[in-house]
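Take a look at the letters that make up each chain.
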Amino acid sequence: MNAILFRQMMKVHMKTFMNYAFGSAFYILLIFWLYPSIGKNVDAIDVLVDAMPEGVGRAFGLSGFGTAEAFISGEYYGLILILLLAIVCVQLSTQLVAKLVDQGSMAYLLSTPTTRAKVALTQTLVLVTGLLLIMGVTTLAGFAGNAWFLAGDYEFNTSRFIEMNVGAFLLFFAVGGIAFLVSSLSNDEKKALGISGFITFGFFSLDLVGKFSDKTEWMRSLSIFSLYQPGEIINGNVNLSLSFTILAVIGLVSFGLAVLLFRKRDLPL
């Protein structure tokens, strides 16, 4: 790793990281603030959720609102956080490599006493650090929301909440790895952004469509998003060790390939 480059890249992208982190924190605090009013009418709301087509409930992670974490998983972790982090991964991975190559800035970086492998590894760590920062702030905001707005009056399973956040980080560690691999192989910023976006939101769409019906459920097996199921985590109906391991391996292999292939490829310098 190149420590000087890491500090500079973190300085450049820190505002973006903090905007997403505090935006995520604000939204999750809003949901905690709303839950006490929901919790008073939870039976009526659960009846309404049960009346929906089963596919709709699965697609949007609606697993009942009997607990605060179940409400949060459906209202935030099942859709909004996924879209937010997908945008972060696609945009940032493109900016960290393909944009620098496209604009010619990579030539200046590689003219310094460093190597391609160190540059790619450093950019990898910038992306992973950004994801950790966003998820860390989101998790801490969840604990603060529990203390401020629930105050022990409503059930809140801390361990399941942590597992949900770990799962979200690992999912986008894998997604970020794939997007970073695309970026490392691209000379054109727009092309890298388009391919990464197509892959990421293609996976998301396959998982979403697969949840709507038993006839389309086979599509979920084609998507890594099927390995992250916040509603199932809350209900304790998923093998976390297996899904977390697969996501971690996908991320490590993707980032590793990105560094290796970037080191060996021809660059328009």
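To be clear, the structure that these remarks concern was listed above.
Structure report, in brief. If you're wondering where the values come from, they're calculated on a predicted model, not measured in any experiment.

1. Topic: a nonpolar patch on the surface
- A contiguous nonpolar patch, built from F26, Y27, L30, W33, L34, I80, W148 and F149 and spanning about 810 Å² of accessible area, is present on the exposed surface.
- Of all the secondary-structure elements, those providing two or more residues to the nonpolar patch are α1 (3–39) and α7 (116–150).
- Residue contributions to the nonpolar patch peak at five residues, all from α1.
- Tracing the backbone shows I80 in helix α5 (residues 80–103).

2. Quick notes on the nonpolar core
- Counting 73 residues, the largest nonpolar core has Y77, F172 and F225 as its most contacted members.
- Tallying contributions element by element places helix α8 (residues 158–184) first for this core, with 13 residues.
- Apart from residues lying up to four places away in sequence, F172 is in contact with I82, L85, A86, C89, L131 and F225.

3. Thoughts on the packing of aromatic side chains
- This model, assessed by the stated rule, comprises 14 aromatic pairs.
- Between the aromatic rings of F143 and F161, the centroid separation amounts to 5.7 Å while the plane-to-plane angle is 65°, which identifies the pairing as edge-to-face. Residue F143 is located in helix α7, and its partner F161 is located in helix α8; the two are separated by 18 residues in the primary sequence.
- Assessed through its relative accessible area of 30%, F143 is described here as partly exposed.

4. Regarding the pattern of salt bridges
- Under the counting rule described, the total for this entry stands at two salt bridges.
- A salt bridge links R160 to E163, with the shortest nitrogen-to-oxygen separation between them at 3.9 Å. Note that R160 and E163 are positioned in helix α8 at a spacing of three residues, about one turn of the helix.
- Among the ionic pairs, D207 bridges to R220, the shortest N-O distance being 2.7 Å. Note that D207 is positioned in helix α9 (residues 189–212) and R220 in the loop between α9 and α10 (230–235), a separation of 13 residues in sequence. Of the two residues, D207 and R220, both sit in the buried class.

5. Quick look at the side chain of D207
- When its relative accessible area of 4% is taken as the criterion, D207 is described as buried.
- Among the polar contacts listed, one links the side chain of D207 to the side chain of R220, at a separation of 2.7 Å.
- When sequence neighbours within four positions are dropped, the list of residues in contact with D207 reads R220, S223, F225 and S226.

Rules used in this analysis
- Residues numbered from 1 in each chain as written.
- Predicted model: local features only at pLDDT ≥ 70, side-chain atom pairs only at ≥ 80, totals over all residues.
- Heavy atoms only, no water.
- Patch = residues over 30% accessible without salt bridge, like charges linked within 9 Å, V, L, I, M, F, W, Y side chains within 5 Å.
- Areas by Shrake-Rupley, 256 points an atom, 1.4 Å probe, with all protein chains shown as cover.
- Salt bridge = Lys/Arg side-chain N within 4 Å of Asp/Glu carboxyl O.
- Helix = DSSP H or I, 4+ residues; strand = E, 2+ residues; numbered from the N terminus.
- Core = buried A, V, L, I, M, F, W, Y, C linked by side-chain atoms within 4.5 Å.
- Buried < 20%, exposed > 50% of the residue type's maximum accessible area, 1.4 Å probe, protein only.
- Contact = heavy atoms within 4.5 Å.
- Phe/Tyr/Trp six-rings, centres within 6.5 Å; stacked < 30°, edge-to-face > 60°.
- Polar contact = N/O pair within 3.5 Å; in protein donor to acceptor, adjacent residues only side chain to side chain.

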